[in-house]
2 protein chains.
Amino acid sequence: MNDVQADKVSFRDVKAELLRRITEREWGPGALLPGEVELAAEFQVARATVNRAMRELTEEGIVERRRKAGTRVRPSPLRAARFEIPLVRAEIEATGAAYGYRLLERRVVVAPDWLAARLALAAGVRLLYLRCLHVAGAAPYQHEERWISLAAQPAAEAEDFAESGPNEWLIRAVPFSEVEISFLATAAEGGVAWALAMAEGEPVFTVERTTWWQGQAVTHVRLSFGRGHRITTRY
Amino acid sequence: MNDVQADKVSFRDVKAELLRRITEREWGPGALLPGEVELAAEFQVARATVNRAMRELTEEGIVERRRKAGTRVRPSPLRAARFEIPLVRAEIEATGAAYGYRLLERRVVVAPDWLAARLALAAGVRLLYLRCLHVAGAAPYQHEERWISLAAQPAAEAEDFAESGPNEWLIRAVPFSEVEISFLATAAEGGVAWALAMAEGEPVFTVERTTWWQGQAVTHVRLSFGRGHRITTRY
DNA sequence: AGCTGCTATTTGTCTGACCATATCGTCGAA
DNA sequence: TTCGACGATATGGTCAGACAAATAGCAGCT
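Residues numbered from 1 in each chain as written. Chains lettered and ligands numbered in written order. Predicted model: local features only at pLDDT ≥ 70, side-chain atom pairs only at ≥ 80, totals over all residues. Heavy atoms only, no water.

## As for the domain arrangement of chain A
Looking at the assigned domains, one finds that chain A contains domain 1 (11-73) and domain 2 (88-225). Spacing between the C-alpha centres of domain 1 of chain A and domain 2 of chain A amounts to 43 Å. (Domains from an automatic or database assignment.)

## A few points about the sheet that holds strand 6 (residues 139-149) of chain A
Taken together, seven strands build an open sheet; the order of strands is 4(A)-5(A)-6(A)-9(A)-8(A)-7(A)-10(B) and the sheet is antiparallel. The sheet is open, and its two borders are formed by strand 4 (99-110) of chain A together with strand 10 (230-234) of chain B, each paired with just one other strand. The sheet shows a mean angle of 15° between the axes of neighbouring strands, taken without regard to direction. Where strand 6 of chain A and strand 9 (residues 216-225) of chain A come together, seven bridges link them in antiparallel fashion. (Pairing = 2+ DSSP bridges. Helix = DSSP H or I, 4+ residues; strand = E, 2+ residues; numbered from the N terminus. Axes fitted to C-alpha atoms, helices over the stretch in contact; angles between N-to-C directions.)

## Points about the protein's contact with DNA strand D
Around DNA strand D lies a shell of 23 residues, among which A:Arg65, A:Arg67, B:Phe11, B:Arg12 and B:Thr49 are the nearest. By atom count, sugar and phosphate contribute 76% of the portion of DNA strand D lying within 4 Å of the protein. The dominant element in the surface near DNA strand D, judged by the number of residues it contributes, is helix 3 (residues 47-59) of chain B, at three residues. (Near = heavy atom within 4 Å.)

## Notes on the protein's contact with DNA strand C
Surrounding DNA strand C, one finds 24 residues, the nearest of these being A:Ser10, A:Phe11, A:Arg12, B:Arg47 and B:Arg65. Interatomic distance of 2.8 Å between a backbone N/O atom of A:Ala46 and a phosphate oxygen of DNA strand C. Between DNA strand C and B:Thr71 there is a distance of 3.5 Å, counted from a phosphate oxygen to a side-chain nitrogen or oxygen. Looking at the surface near DNA strand C, the elements that each hand over two or more residues are helix 1 (11-23) and helix 3 (47-59) of chain A together with helix 3, strand 1 (63-66) and strand 2 (70-73) of chain B. (Polar contact = N/O pair within 3.5 Å; in protein donor to acceptor, adjacent residues only side chain to side chain.)

## Comments concerning the side chain of A:Thr186
Checked against the element boundaries, A:Thr186 lands in strand 7 (residues 178-187). Under the relative-accessibility criterion, A:Thr186 is labelled buried at 12%. Within the structure, the side chain of A:Thr186 is placed 2.8 Å from the side chain of A:Thr206, a separation counted as a polar contact. Beyond its immediate chain neighbours, meaning those up to four positions away, A:Thr186 contacts A:Glu202, A:Pro203, A:Val204, A:Thr206, A:Arg222 and B:Pro203. (Buried < 20%, exposed > 50% of the residue type's maximum accessible area, 1.4 Å probe, protein only. Contact = heavy atoms within 4.5 Å.)

What follows is the structure, given as structure tokens:
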């Protein structure tokens, strides 16, 4: 008997072992893995345990599964990376710096065409337009340019957003059902460059996020980060 | 009796209903949800089914769970966004354009200091340095600048990478255990600007990826995308 | 007041049995 | 030869029961 001291085998152990066999090319790209029952017998666990291990590997993009066809190692690792997107305030305070906020501009506007198209708004809809700056210690950290649909969220018009950012208000006040996030690189220009203390045309890491509630666009925001900002994930 | 036609209730139904109550503020940010047993009784399902629904909500950053303390709606939605990172070839072919590849430069170099530091390499380690261009139809799509550790991967020196990219070779040939990915904005300069047909200093969406195998750095790559590139995800 | 240890409660995981669903092969009919 | 029906098979999911692990909150001690 080996396994004299055998600790209980968990789905984590199974998953780790399967991952080992895959990364060490015991099962190369495209290879067919044994079925769940077979692996359950090998590891001396219930099939449900193997199932959970393999399901997590599927979610991480390591393997592909199809009924009857079985489980295969993905030929080209379409690895999915997860990025956590915290609130600016939390992000800044996590670095140890003091969080500061300044409202730069606040106007009611009619939706410009490009935005109306993107949010599928009727022409001439009124929006609350805001520009504000999030500061880490003394340094500008993030410039926020936001449009809030007053049709979807009339209460926003009564808020002045002088003391705290619209994001924090929206999270408390507005539910959302669907979100689209984009990452891109833009050139700093005009108010953005000025607010972030950057030269005109400098590259800026930018996040755009649009939020809907029950099919209706609630808000669109463009976040521009200060010089050298990057987001990182490991796995 | 309602539920006359009652379809079988699945963890998906439970999850959707919990999510509905959360997004519609029936349970607002920070609120404590009922325990698993209670919900299982309410939905007339096994506790395991409720557990799976709630576990998935946890993974998506919607709720927080702690033993004995119960399950709470996250006060600030630290929503995790998933981005799928395919191979360039697949990414280009998915748009319908023909994929093209050109090797721009291939040299053996000693690790520059900044890279040696980042990869935790000994000073003076030999690396294979490559620059290449991935083309979509007629337009340059992505500039790739890559360093491959010849200590970790000596076989790379025998490859000429004239016909297909180092990424495709590495995926076939080299396992990896750990990956770090960053997104950032940089300024196009020199060879990058030229290859992508951009002006000097134009903003470029850039991805950096470092790969390790069993604690040893295998490769570091810097991918620069053409004008206007963005990556997007919805949920 | 502050510390320590206990306990009840809640989530985490495993088991083995069962049925559901998708689909690959095969076999037979047109 | 081609098409369609059908059975075998692998994964998908549910269930009830059991035990493990973490910990909030309490009781009792110093």
